[in-house]
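The residues making up each chain are set out below.
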Amino acid sequence: MSDIKTFSQRVRVRVCGLLEEDDSILLLKHNQVGEKGYLWSPPGGGVEFGDNSEETLIREFDEETGLKINIEEFLFVNEYIDDRFHAIELFYSVKRIGGELTLGNDPELAKNRQILEEVKFITYNEIKSMDQKTLHNAFSYFDEPRDIFKIKGHINFINI
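Quick caveat: nothing in here was measured; it's all calculated off a predicted structure.

Cut-off values and rules
Residues numbered from 1 in each chain as written. Predicted model: local features only at pLDDT ≥ 70, side-chain atom pairs only at ≥ 80, totals over all residues. Heavy atoms only, no water. Core = buried A, V, L, I, M, F, W, Y, C linked by side-chain atoms within 4.5 Å. Buried < 20%, exposed > 50% of the residue type's maximum accessible area, 1.4 Å probe, protein only. Contact = heavy atoms within 4.5 Å. Helix = DSSP H or I, 4+ residues; strand = E, 2+ residues; numbered from the N terminus. Polar contact = N/O pair within 3.5 Å; in protein donor to acceptor, adjacent residues only side chain to side chain. Pairing = 2+ DSSP bridges.

**Section: the nonpolar core**
It is characteristic of soluble globular proteins that their nonpolar side chains tend to be buried jointly. Judged by nonpolar contacts, the single largest core of 19 residues is most densely connected at Leu18, Ile25, Leu27, Phe76, Ile127, Phe139 and Ile148. Contacts of Phe76, omitting those with residues within four sequence positions, involve Leu18, Glu89, Leu90, Phe91, Ala138, Ile148, Ile151, Lys152, Gly153 and Ile155.

This is the structure:
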């Protein structure tokens with residue numbers, strides 16, 4: 001069982017990368033997160049003191065997916081608040097420049113407490129048929145999943 005408390009009861013600044021290839025988007029399945037017990041979310045992670053958001057995203061992508069990326073464009077800020085979590089997430093569009101897709105790990109958690117369960121490209125049609133409660137809340141703002149690349153500004157998702 002992972003120590004999900006590592007991420008709760010504090011404000012966390014996160015970065016997330018949206019990587020689109022062949023009518024699909026890269027997502028990670030996080031175990032023990034979300035209403036259904038798992039959540040598909042774009043790769044990314046917490047910004048550490050002294051690291052800027054772009055350095056963090058490049059490092060997190062490599063750690064979690066094995067891919068090397070370039071950051072293309074800053075897209076939007078997503079703020080999520082519920083009774084356990086408060087995350088301010090900076091979303092960027094990214095492009096793959098190297099590496100091999102493989103499930104990595106989250107260095108904030110011990111090896112035997114990992115919550116990352118799967119990494120894969122999921123087509124937009126597959127996303128449309130998924131239970132919204134198993135997807136990152138940023139996908140809930142529109143009918144067409146690829147429109148996530150059109151979001152601009154600050155989104156405030158409060159679920160208390």
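**Remarks on the side chain of Asn78**
With respect to the secondary-structure elements, Asn78 resides in strand β5 (residues 67-81). Judged by relative accessible area, Asn78 falls into the buried class, the value being 0%. In terms of polar contacts, Asn78 uses its side chain to reach the side chain of Glu89, at 2.7 Å. Of the polar contacts made by the side chain of Asn78, one reaches the side chain of Tyr141; its length is 3.4 Å.

**Remarks on the pairing of strand β6 (residues 86-99)**
Two elements, strand β1 (residues 11-21) and β6, share nine bridges in a ladder whose sense is parallel. Opposite Leu19, over in β6, you have Val94 as the bridge partner. Bridge analysis of β5 against β6 gives 13 bridges, and the strand direction is antiparallel. When the bridges of β6 are listed, Phe76 appears paired with Phe91. In sequence, β5 turns back onto β6 through a hairpin of four residues.

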